[in-house]
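Notes for the structure review
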Amino acid sequence: MSRTLRGCLVLALTVGFAPGGIVFAQDLAMITDPAAVGVPAVSAEKPAEFAGPPHPATDPVRIFSAIAGGDIEALRLALNAGCDPDAPLPQPAPTVLRERFPTGPLEYYLRREVGFTPLMFAAALGDERAVRFLLAAGADPHQRSRTSRTFPLYLAARAGNVELMKLLMGITPGSVAAEFRIDVDLTTQRLTVWKGSEPIIFSPISSGKKSKPTPRGAFLVTDKHRDWTSTIFRVKMPYFLRFSCGDFGLHQGVLPGYPASSGCIRLPEAKAKEIFAAVPIGTLVEVR
């Protein structure tokens, strides 16, 4: 298991899971309308590639097939029938699933990953509806696969799905993390930390140089380390705040007055300490 994954897993275990607006597992059997858990209704028509003999009532493939086909009603029925929401996909995976995803990351997970769960699958697909149903049924967001030791939050992060990451981390509008936001302006090389509508910290930065630019977009702070050493460059990165389970984030470093890092966002020591202490795990980061 890589240190990046391990750090992100520590975050997940630290934050825990709070279901927020979804139903509880004991209520799942009473759900007759997907709208009851805040998701839109879906067509009853089944995708042709998943037609065929029905799976046994508790066959875990039944859940994976429902998720692959975007069939929330079939997923509900499978869970109500007693399918284990944490049961991993058997290997080798059924041909119909492997043919559905012949390339990309899912091709690897479906062909070779041992311990790949429905929640990991739904997270990799960015299917918020399926994730809500699985969590309601008691799926464990901290469970790891056996081959690569991956877990749902990491897969949602790889897909760049911030809202799904919030769901898996239990971040709701009322959470402490939801009060904070970090805004990074790569053009002006400035950073602002917001709490609600009030800016509370300002700082100059040094972002990624032209050959290794800092990624733009929306991220979440997924773990914090007072003392961290880069596993890539073997250099110290104090007060490290990792972005979306990735290989970059904020940390103390040298600011020469222009973009000079290998992708991370460097801060002066005093500001790095201040930001590290102020913002919680789960804080939204917008890099523009």
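Everything that follows concerns the structure shown earlier in this document.
In this report, the structure presented in the accompanying data block is examined. Chains are numbered independently. Their residues run from 1 in the order of the written sequence. pLDDT decides what is reported in this predicted model: residues at 70 or higher carry local features, side-chain atom pairs at 80 or more are listed and counted, and totals for whole chains, interfaces and linings draw on all residues regardless. Side-chain numbers come from the whole structure's heavy atoms, not from hydrogens or water.

What to know about unusual backbone geometry
Using the following cut-off: The way it works is that DSSP assigns letters per residue, a run of H or I at least four long becomes a helix, a run of E at least two long becomes a strand, and they are numbered from the N terminus. Exposure classes here rest on a 1.4 Å probe applied to the protein chains alone. A residue is buried below 20% of its type maximum, exposed above 50%, and partly exposed in between.
Put simply, glutamine 91 and proline 92 share a cis peptide bond, and its omega is 5°. With respect to the secondary-structure elements, proline 92 resides in the loop between α3 (72–80) and α4 (95–100). Backbone geometry places arginine 149, a non-glycine residue, at a positive phi of 60°. Tracing the backbone shows arginine 149 in the loop between α7 (128–136) and α8 (152–158). Judged by its relative accessible area of 27%, arginine 149 is partly exposed. A positive phi angle, near 45°, is found at serine 244, a position not held by glycine. Tracing the sequence through the fold places serine 244 in the loop between β5 (240–243) and β6 (249–252).

Comments concerning the side chain of threonine 222
Selection criterion: Whenever two N or O atoms come within 3.5 Å, that pair is a polar contact, provided that in protein one can donate a hydrogen and the other can accept it, and provided that, for residues adjacent in sequence, both atoms are side-chain atoms.
In this structure, threonine 222 sits in strand β4 (residues 217–225). Threonine 222 gets classed as buried once you look at its relative accessible area, which sits at 0%. A polar contact is formed between the side chain of threonine 222 and the backbone nitrogen of serine 244, at a distance of 3.5 Å.

Some remarks on empty space enclosed by the protein
Convention followed: Of the grid points, spaced at 1 Å and generated over the protein atoms alone, those admitting a 1.4 Å probe that cannot get out make up cavities, while open sets with protein on both sides within 12 Å along at least five of seven lines make up pockets; any residue with an atom within 4 Å of a point is treated as lining. Grid points are joined across faces, edges and corners, and a volume is the space filled by probe spheres set on the points.
One pass over the structure, following the stated rule, counts two cavities of 30 Å³ or more. Put simply, the second largest cavity is a space of about 30 Å³. Around the second largest cavity, the lining residues are Ala66, Ile67, Gly70, Asp71, Ile72, Leu75, Asp127, Arg129 and Ala130. Elements that contribute at least two residues to the lining of the second largest cavity include exactly α2 (60–68), α3 and α7.

Brief notes about helix α9 (residues 162–169)
The buried fraction of α9 amounts to six of the eight residues, a majority that puts the element mostly inside the structure. The positive-phi residue at the C-terminal boundary of α9 is glycine 170, with phi of around 75°.

What to know about the environment of arginine 100
Tracing the chain through its elements places arginine 100 in helix α4. Its relative accessible area of 36% is what places arginine 100 among the partly exposed residues. Distance in space between the C-alpha atoms of arginine 100 and glycine 69 is 9.4 Å, their sequence separation being 31 residues.

Concerning the packing of α3 against α7
Heads up, the rule is: Interaxial angle, 0 to 180 degrees, is taken between N-to-C directions of lines fitted to C-alpha atoms, where a helix line uses only the stretch in contact. Each angle is binned into one of four classes, with values under 35 degrees roughly parallel, values over 145 roughly antiparallel, values of 65 to 115 roughly perpendicular, and all other values oblique. Note on convention: near helix rotated counterclockwise from far helix by under a right angle means a left-handed crossing. Clockwise means right-handed. In what follows, residue pairs with any heavy atoms lying within 4.5 Å of each other are defined as contacts. When residues are grouped by polarity, Ala, Val, Leu, Ile, Met, Phe, Trp, Tyr, Cys and Pro land in nonpolar, Asp, Glu, Lys and Arg in charged, and all others, Gly among them, in polar.
Relative to each other, α3 and α7 sit at 15°, their axes nearing to 10 Å. Relative to α7, α3 is oriented roughly parallel. Handedness of the α3/α7 crossing: right-handed. Between α3 and α7, the contacting residues are Ile72, Leu75, Arg76 and Leu79 on the first element and Arg129, Ala130, Phe133 and Leu134 on the second. In terms of residue class, the contact of α3 with α7 is made up of six nonpolar, no polar and two charged.

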